[in-house]
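# Remarks on the overall topology
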Amino acid sequence: IFRNKLAFFAAAKVSSSFPAPDLPEIAFAGRSNVGKSSLLNALTRQWGVVRTSDKPGLTQTINFFNLGTKVCLVDLPGYGFAYAKEEVKDAWEELVKEYVSTRVGLKRVCLLIDTKWGMKPRDHELINLMERSQTKYQIVLTKTDTVFPMDVARRAMQIEESLKANKSIVEPVMMVSSKSGAGIRSLRTVLAKIARF
Ligand code: GDP
């Protein structure tokens, strides 16, 4: 599925401009700077369509990308961006929350967590929301190359343990590095299964 051509499809600043949910959607969420653009690039190997940015928080819209004709990848704006004005931050968060809790056709949210920094209150907020709305999600630890392998495993286990009572989490915690390529193929395999339904 990830060999299909990635094509920008739509951008939405408000929920009324979400495109019609014609394809199953896989969304990517996380704090700004978590490595989301890099991961989308590594997964699809189509650099340039989803640009990496050194200016965190620049993505203020929900961006929809069709991957061939089977699935839509959705880039949610990163939250927790330190420099944005409060009201701007609130607007992005509301948009993300609305998308995640009400979107028809949303099959999976990949919640990205920076391995080094772990889960933060905003991540827990999103998890609680997805639990309430019964949105299926999985945790993906990013930038695993930045910490010792043993610490990566330990962090993954801690997260699994802390979320084990949760009902909408659907996969074991996955670990990826867009830089080294570790874990990218496994994540592709897991996500490809969603597109097949
Ligand atoms: P986004 O804001 O979540 O889209 O994050 P980006 O993909 O733009 O990445 C934020 C920063 O982290 C950039 O400086 C990237 O080069 C860096 N980064 C992203 N993925 C990795 C990774 O797997 N390993 C390392 N060491 N750095 C990464």
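Refer to the preceding data block for the structure.
This text gives an overview of the structure that appears in the document. (Residues numbered from 1 in each chain as written. Predicted model: local features only at pLDDT ≥ 70, side-chain atom pairs only at ≥ 80, totals over all residues.)

## Topic: the pairing of strand 2 (residues 25-30)
Our working definition: Counting other C-beta atoms within 10 Å of a residue's own tells you its class, since 20 or more makes it buried, 12 or fewer makes it exposed, and anything in between is partly exposed; those C-beta atoms are placed from the backbone. Helix and strand assignments follow DSSP, with helices taken as H or I runs no shorter than four residues and strands as E runs no shorter than two, numbered in order from the N terminus. When DSSP locates at least two bridges between a pair of strands, those strands are taken to pair.
With six of its six residues buried, strand 2 lies for the most part within the structure. Of the two faces of strand 2, both are covered, the one formed by Glu25, Ala27 and Ala29 as well as the one formed by Ile26, Phe28 and Gly30. The pairing of strand 2 with strand 5 (residues 106-114) spans six bridges and is classified as parallel. Bridged to Gly30 within strand 5 is Leu112.

## Focus on the environment of Cys110
Applied cut-off: By the criterion used throughout, residues are in contact when their C-beta atoms, derived from the backbone, lie within 7 Å.
Within the secondary structure, Cys110 sits in strand 5. For Cys110, a count of 27 C-beta atoms within 10 Å gives the class buried. Along the sequence, Cys110 and Val71 sit 39 residues apart, while their C-alpha atoms lie 14 Å from each other. Non-local contacts of Cys110, meaning those with residues more than four positions away in its chain, are made with Ile26, Phe28, Gln138 and Val140.

## Looking at the sheet that holds strand 1 (residues 6-12)
Filter applied, for reference: In this analysis an axis means a line fitted to C-alpha atoms, helices contributing only their contacting stretch, and an angle means the value between N-to-C directions, from 0 to 180 degrees.
Judged by pairing direction, the sheet is mixed, and its seven strands sit side by side in the order 1-3-4-2-5-6-7 without closing on themselves. If you trace the sheet from one side to the other, it starts and ends with strand 1 and strand 7 (174-175), each paired once. Running over the sheet, helix 4 (residues 149-162) touches strand 6 (137-142) and strand 7 and is turned about 155° from strand 6.

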